[in-house]
Amino acid sequence: MTGIIFTGHGVFASGMLSAVSLLAGESDHVLAVDFPGDCVELLKDNLQAAITSLFEKQCQQIIILCDLLSGSPFNASVTVSQEYENIYVIYGVNAGIAVELCLRADDAELSEADLNSVLEDGREMTGLFRIPPNGEEDFGDAAEGI
């Protein structure tokens with residue numbers, strides 16, 4: 001089984017956990033570590049506690065999902081994860097990526113190829129949508145979701 005930790009600025013992590021739980025179901029191997037912005041050392045301690053908790057729940061690997069590249073939550077995650085071989089840090093996470101990883105995490109460990117596949121799917125889930133001018137009704141690929 002794969003453990004997942006959400007982290008990010010403010011209550012990003014709790015919000016993402018709430019959304020993913022609604023879409024993919026609740027799981028005891030998916031945790032949130034918020035960063036209100038006051039103390040990076042406390043963030044590192046909270047990340048370490050979450051990692052310890054997931055390993056105690058028999059997770060073979062852990063994926064930490066961060067909001068932004070180079071922010072304090074990302075930097076703290078990278079720092080804490082360096083102590084382990086089986087922790088991956090993914091940044092720039094969106095709800096699509098998070099749901100897909102949570103659904104796959106129940107089955108087994110995820111390879112780097114699996115993770116890259118999920119990230120590619122996540123890129124395809126982003127785009128710009130607008131109603132075409134003059135009442136044209138060709139919405140392109142976005143029409144599938146309407």
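Each remark here, short or long, concerns the structure printed above.
Residues numbered from 1 in each chain as written. Predicted model: local features only at pLDDT ≥ 70, side-chain atom pairs only at ≥ 80, totals over all residues. Heavy atoms only, no water.

Caption draft 1: Region of the structure containing the nonpolar core. Membership of the largest hydrophobic core comes to 19 residues, with the highest contact counts inside it found for Ile4, Phe6, Val20, Ile63, Leu65, Ala98 and Leu101. Elements with a minimum of two residues in this core: β1 (2–9), α1 (12–24), β3 (61–66), α4 (95–105) and α5 (112–124). Here this core takes 6 residues from α4, the largest share from any one element. Residue contacts for alanine 98: discarding those within four places in its chain leaves Phe6, Met16, Val20, Leu65 and Val93. Counting 16 residues, the second largest nonpolar core, distinct from the first, contains Ile5, Cys59, Ala76 and Val80. (Core = buried A, V, L, I, M, F, W, Y, C linked by side-chain atoms within 4.5 Å. Buried < 20%, exposed > 50% of the residue type's maximum accessible area, 1.4 Å probe, protein only. Helix = DSSP H or I, 4+ residues; strand = E, 2+ residues; numbered from the N terminus. Contact = heavy atoms within 4.5 Å.)

Caption draft 2: Summary view of the layout of surface pockets. Taken as a whole, the largest pocket encloses approximately 270 Å³ of empty space. Lining the largest pocket are 14 residues, with Ile90, Tyr91, Asn116, Leu119 and Arg123 sitting closest to its centre. Going through the elements one at a time, β4 (87–90) and α5 are the ones with two or more residues in the lining of the largest pocket. With 6 residues, the top contributor of residues to the lining of the largest pocket is α5. Broken down by class, the residue content of the lining of the largest pocket amounts to 7 nonpolar, 5 polar and 2 charged. (1 Å grid on protein atoms, 1.4 Å probe; cavity = no way out; pocket = protein on both sides within 12 Å on 5 of 7 lines; lining within 4 Å. Points joined across faces, edges and corners; volume = space filled by probe spheres on them. Nonpolar A, V, L, I, M, F, W, Y, C, P; charged D, E, K, R; others polar.)

Caption draft 3: Structural detail: the pairing of β3. Burial runs high along β3: 6 of the 6 residues are buried. Of the two faces of β3, both are covered, the one formed by Gln61, Ile63 and Leu65 as well as the one formed by Ile62, Ile64 and Cys66. Strand direction decides the pairing type here: β1 and β3, joined by 6 bridges, are parallel. Along β3, the bridge assignment pairs threonine 7 with cysteine 66. Where β3 meets β4, 4 bridges bridge the pair, whose relative direction is parallel. Following the sheet pairing, leucine 65 is matched in β4 by isoleucine 90. (Pairing = 2+ DSSP bridges.)

Caption draft 4: Broad picture of the packing of aromatic side chains. This structure, assessed with the given rule, holds 2 aromatic pairs. Where phenylalanine 55 meets tyrosine 84, the ring centres are 5.5 Å apart and the plane angle is 45°; that geometry is what we call tilted. Placement of the pair is phenylalanine 55 in helix α2 (residues 40–56) and tyrosine 84 in the loop between α3 (72–81) and β4, with a sequence separation of 29 residues. Take tyrosine 84: its relative accessible area is 25%, and that puts it in the partly exposed class. (Phe/Tyr/Trp six-rings, centres within 6.5 Å; stacked < 30°, edge-to-face > 60°.)

Read these as layout, nothing more, since geometry by itself doesn't imply function.
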